[in-house]
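The chain contents come next:
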Amino acid sequence: MILVGLISSIPAMVIFGLIKQRLKNKVSDLKEKIILSFYSFLSVWITFYIVDNGFITQWSEQTIWVLIYSLTIVIGVWIFKFPKDELIE
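Right, let's walk through the structure included here. Source: prediction; values computed, not measured.

## Some details on the environment of valine 44
Working step 1: As for its position among the elements, valine 44 is in helix 2 (residues 29-51).
Working step 2: Taking the C-alpha atoms as reference points, valine 44 and isoleucine 73, 29 residues apart in sequence, are found 8.9 Å from one another.
Working step 3: In this structure, valine 44 is in contact with Val66, Tyr69, Ser70 and Ile73, ignoring residues within four places of it in sequence.

## So, the packing of aromatic side chains
Working step 1: One pass over the full model with this rule turns up two aromatic pairs.
Working step 2: Taking the centre distance of 5.9 Å and the plane angle of 35° together, the rings of phenylalanine 41 and tryptophan 45 count as tilted. Of this pair, phenylalanine 41 and tryptophan 45 both sit in helix 2, separated by four residues, roughly a single helical turn.
Working step 3: Judged by relative accessible area, tryptophan 45 falls into the buried class, the value being 18%.
Working step 4: Taking the centre distance of 6.2 Å and the plane angle of 75° together, the rings of phenylalanine 48 and tyrosine 69 count as edge-to-face. In this pair, phenylalanine 48 is assigned in helix 2 and tyrosine 69 in helix 4 (residues 61-79), connecting sequence segments 21 residues apart.

## Some details on helix 4
Working step 1: The end-to-end C-alpha distance of helix 4 is 27 Å, a good match for the 27 Å that 19 residues give at a rise of 1.5 Å each.
Working step 2: Those residues of helix 4 lying buried are Thr63, Val66, Ser70, Val74, Gly76 and Val77. Each buried residue of helix 4 sits inside an arc of 155° when the element is viewed along its axis, so together they form one side. Exposed positions of helix 4 whose direction lies more than 90 degrees from the buried face are Glu61, Trp65 and Ile79.

## Observations regarding the nonpolar core
Working step 1: Core analysis: the biggest nonpolar cluster contains six residues, these being Ala12, Phe16, Leu36, Tyr39, Val77 and Phe82.
Working step 2: Looking at this core, the elements with two or more residues in it are helix 1 (2-23) and helix 2.
Working step 3: Once residues lying within four places of it in the same chain are set aside, the contact partners of alanine 12 are Tyr39 and Ser43.

## Brief notes about the packing of helix 1 against helix 2
Working step 1: Relative to each other, helix 1 and helix 2 sit at 160°, their axes nearing to 10 Å. On the basis of the axis angle, helix 1 is roughly antiparallel to helix 2. Remark: the crossing between helix 1 and helix 2 carries right-handed chirality. Taken together, the residues of helix 2 that come into contact with helix 1 (itself represented by Ser8, Pro11, Ala12, Ile15, Phe16, Ile19, Lys20 and Leu23) are Glu32, Ile35, Leu36, Tyr39, Ser40, Ser43, Thr47 and Val51.

What counts, and where the lines are drawn
- Residues numbered from 1 in each chain as written.
- Predicted model: local features only at pLDDT ≥ 70, side-chain atom pairs only at ≥ 80, totals over all residues.
- Heavy atoms only, no water.
- Helix = DSSP H or I, 4+ residues; strand = E, 2+ residues; numbered from the N terminus.
- Contact = heavy atoms within 4.5 Å.
- Phe/Tyr/Trp six-rings, centres within 6.5 Å; stacked < 30°, edge-to-face > 60°.
- Buried < 20%, exposed > 50% of the residue type's maximum accessible area, 1.4 Å probe, protein only.
- Expected span 1.5 Å × (residues − 1).
- Arc of directions from axis to C-beta.
- Core = buried A, V, L, I, M, F, W, Y, C linked by side-chain atoms within 4.5 Å.
- Axes fitted to C-alpha atoms, helices over the stretch in contact; angles between N-to-C directions.
- Parallel < 35°, antiparallel > 145°, perpendicular 65-115°, else oblique.
- Left-handed = near helix turned anticlockwise from the far one by under 90°.

Rendered as structure tokens:
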């Protein structure tokens, strides 16, 4: 399960990094966190849907775990501070 989860998460995390890089210094920290939170939540649900689309159509224990997992990622976006670019002199 860990290996499948890692492989499934790599594309989502790469896209997360690309979005983060594009937004750097273009929008406020608040807007950046909102955009990344929305993307994180959505990417988890899309990944699980690709692996098993049945978890959305029928509410189950798996659906609860997907919800908890996606909310954990969103909370992480808000708790951890994004490093600021510092000028090197």
